[in-house]
Structure formats: C-alpha cells, structure tokens
Amino acid sequence: MRKSKITALFLAAAMVLSMTACSSSSDTQTSADTTAQADTANQAQSENTESDSGTEAASDGETYKIGVLQLTQHAALDAANEGFIAALDESGISYEVDQQNASGDQSTCQTIASKLVNDGDDLILAIGTPAAQAVAGTTEDIPILVTAVTDPAASGLVESNETPGGNVTGTSDLTPVTEQIDLLKRILPDAQTVGILYCTAESNSDIQAAMAREAIEAQGMTAEDFTVSSSNEIQTVVTSMVGAVDAIYAPTDNTIAAGMATVAMVANENGLPVICGEEGMVNAGGLATYGIDYYELGYLTGQQAVKILAEGADPAEMPIEYLASDKCELSVNEETAQALGIDVSGLE
C-alpha cells in the first residue's frame, strides 16, 4: 500500500511540473498559502489511503482514534454526526472513527461507553444527553465532546456551561422555545390548550418542557404535559391527546423525534397540528418549527475536536458553545398543512 501511495505522489508531482495552467481542483480544503503542487499531491495521497477515515494530517502525521456514541438514529442526530465528520475532514487531521449507535437504549449506551473507553480512544463524541451521561460517567481522563444536549450543566455533565472544569465540553442544541410557541400562536390564534409531548427519561426534555410551559402561559394558553417513558407508549399517549388539546408541542426529545412518524400519523388523522423542536420532525410529518441546523451544530463540535486533538486545547477551559441565532430557520410541512386545512402562506 505504501509503494502505491509513493508512486501516486511522484506521478502527481510530475503532472504539476509539466502543466503551465492552473492545477486541477482538490477536494481537500487547504490554507491560502498552500501551493498547487502540494494540493495535487495531497489529493493523490488521500485517494490512495484506505485505512484513514479523514484526510492525511499535514502536521506530524499522527492518526487520532475517535469514538462516537450516538443515542439513536433520527434526522437531527444523524445531521449532527455528519457535520462533526465534515469538520474533521476539512481540518486536514488524520483520524480513525468508531461509529456506535445505542438505538435509544440506555443500557446499550453504557455498554458502548465502556467499550470506547477501554479502546483507549483519543477523544469521544457523545450525541444526545443519555449518551453523554453514559460516557461522562465512565471516564474522567479521555476528552469528551457532547452535542445535541440542551443544557450540559443542568444534566450534570459539566460544572458550568461557561467553565466546564473537567474532561467534558461541547455544544448545546438549546432551541428557541419561546419563538416556537410564538409560531404556534401565529398559526393557531384560537388555540387554548397545548399538549407538551416528551419522554420523562430525558433530562433535556424536562428543561424544554418547563420553558414551553412558561411560554405557553405567557401567550394566555393552558399547557398540559403528556409524557412517555419509551417509544412503545407514543401511539397510546398521542391518541389520548385527541379531544383534550388544540395543538401539540414536541421539543427536541430524542424518543419523540425517532417516533415522529407515529406521532404525525395519529395527530394528523385527528386534526391536531404539531409544532416541533427541529426540522427533521417536521419532515417526518409535523406541521412547522423554527429551529437550529443540526449539521452546523455538529460542525461546530468538530471544530472543537480539532482544537483539542491538534492544538492541545483543554476541555476544562472550553465553554459550551451555541449556534448563532441566524442559524435558526423556519420549516413548514406544506403537505401536512394542506391535510390539516391550515393556511401557512403568510409565514414565509
């Protein structure tokens, strides 16, 4: 393998020397002062490297071992994962990644967390609050980054969001709950009772539910909690909301997000609009949201990883980071709006 890599590099260099025009473009993002010859050589090297998940490091050539524990599979967490990997790729560091998914099971989170720690990874990314709590409870030595966690401090992951103080830092997916409830009121001005649908097993959901209750009451409406302890209860609980509420608010709860197709099936068939915490839930059948971009959130986390691995940054001194407000966007499911007979044309 090394022989073919060296041959590719010599061929790439020869091509550059023989060309009088600009060299061909490279998929690898380089710094402004990188020459065309080095750019082409790096491309050839990347194309001939099968063992690395990222681009070849431009510094000391060290390959970092990164473990990823994702709580479950749904659009938001998947996007955060993709953004994280994209940031690593674009940084130019060399890495190997071990992707693990707990399928929403807390005991599986703990098993995977122990595996990643025992593997001696250089850094672990935990996506989702239960995943983050499992990893943080397993090691105090390996740097841990968390993402898609509403409030790391309130979830017991760091001493404070401003100064984490240990081996854990990362990014928060704190959503604009107040703005989302404002959106609900704009779309449904006659709504009186709003059901807040979330899973009691997730601390991030408790935080958002409390924020939603305050925002709902500030709008002169009544809030009622409807909770599940697992995905098996979603259909029964949503069915119980029919006739009891005028609308449903579902925050960025991982259990509800993963089961959003079931939520939408029951709610839409019974004329219950669902205002969601994030875009993936809208795409799965919810009515609308004003939320953050999880790909950008993951990308921000990936940039933190590069600082820790390649620049020696200390997680204890790295504040929890948040996406800027301009990263929040309005998302509307036109098909759902039509099925519910709701005019959303004025929202654009």
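Scroll up for the structure.
Summary of the structure given here.

A closer look at the overall build of the protein chain
Scanning the protein chain for helices and strands turns up 13 helices and 12 strands. For the protein chain, the residues scored as buried account for 51% of the 348 residues in total. In the protein chain, 72% of the contacts between residues at least 6 apart in sequence involve partners at least 24 apart. Surface accessibility of the protein chain: about 15,400 Å² in total, with carbon and sulfur atoms responsible for 46%.

What to know about helix H8 (residues 234–241)
Since the α-helix turns once every 3.6 residues, residues separated by three or four places project in the same direction. The set of residues buried in H8 consists of Ile 234, Val 237, Val 238 and Met 241. Looking straight down H8, one finds that the buried residues subtend no more than 95 degrees of arc, so they occupy a single side. Where H8 is buried, its residues meet strand S6 (193–199), strand S7 (222–228), strand S8 (247–250), helix H9 (254–258) and helix H10 (260–269). Of the residues one or two after H8, Gly 243 is the one with positive phi, at around 85 degrees.

Structural notes on the side chain of Gln 304
Its location among the elements puts Gln 304 in helix H12 (residues 294–311). Excluding residues within four positions of it along the chain, Gln 304 makes contact with Leu 145, Thr 169, Gly 170, Thr 171, Met 318, Pro 319 and Glu 321.

What to know about unusual backbone geometry
If you check the backbone angles, Ser 103 has positive phi at about 55 degrees while not being a glycine. Tracing the backbone through its elements, the reader meets Ser 103 in the loop between strand S2 (94–101) and helix H4 (106–118). Judged by relative accessible area, which is 59%, Ser 103 ranks as exposed. The backbone of Ala 148 sits at a positive phi, close to 60 degrees, despite the residue not being glycine. What makes Ala 148 buried here is its relative accessible area of 1%.

Some words on the sheet that holds strand S5 (residues 168–172)
Pairing within the open sheet is parallel, and its six strands lie in the order S2-S1-S3-S4-S5-S11. The sheet is open, and its two edges are formed by S2 and strand S11 (321–322), each paired on a single side. Here four bridges tie strand S3 (residues 123–127) to strand S4 (residues 144–149), and the two strands are oriented parallel to one another. Following the sheet pairing, Ile 127 is matched in S4 by Thr 147. In this fold helix H5 (residues 129–136) packs onto strand S1 (63–70), S3, S4 and S5, with an angle of close to 160 degrees to the strand it touches most, S4.

What counts as what
- Residues numbered from 1 in each chain as written.
- Predicted model: local features only at pLDDT ≥ 70, side-chain atom pairs only at ≥ 80, totals over all residues.
- Heavy atoms only, no water.
- Helix = DSSP H or I, 4+ residues; strand = E, 2+ residues; numbered from the N terminus.
- Buried < 20%, exposed > 50% of the residue type's maximum accessible area, 1.4 Å probe, protein only.
- Contact = heavy atoms within 4.5 Å.
- Areas by Shrake-Rupley, 256 points an atom, 1.4 Å probe, with all protein chains shown as cover.
- Arc of directions from axis to C-beta.
- Pairing = 2+ DSSP bridges.
- Axes fitted to C-alpha atoms, helices over the stretch in contact; angles between N-to-C directions.

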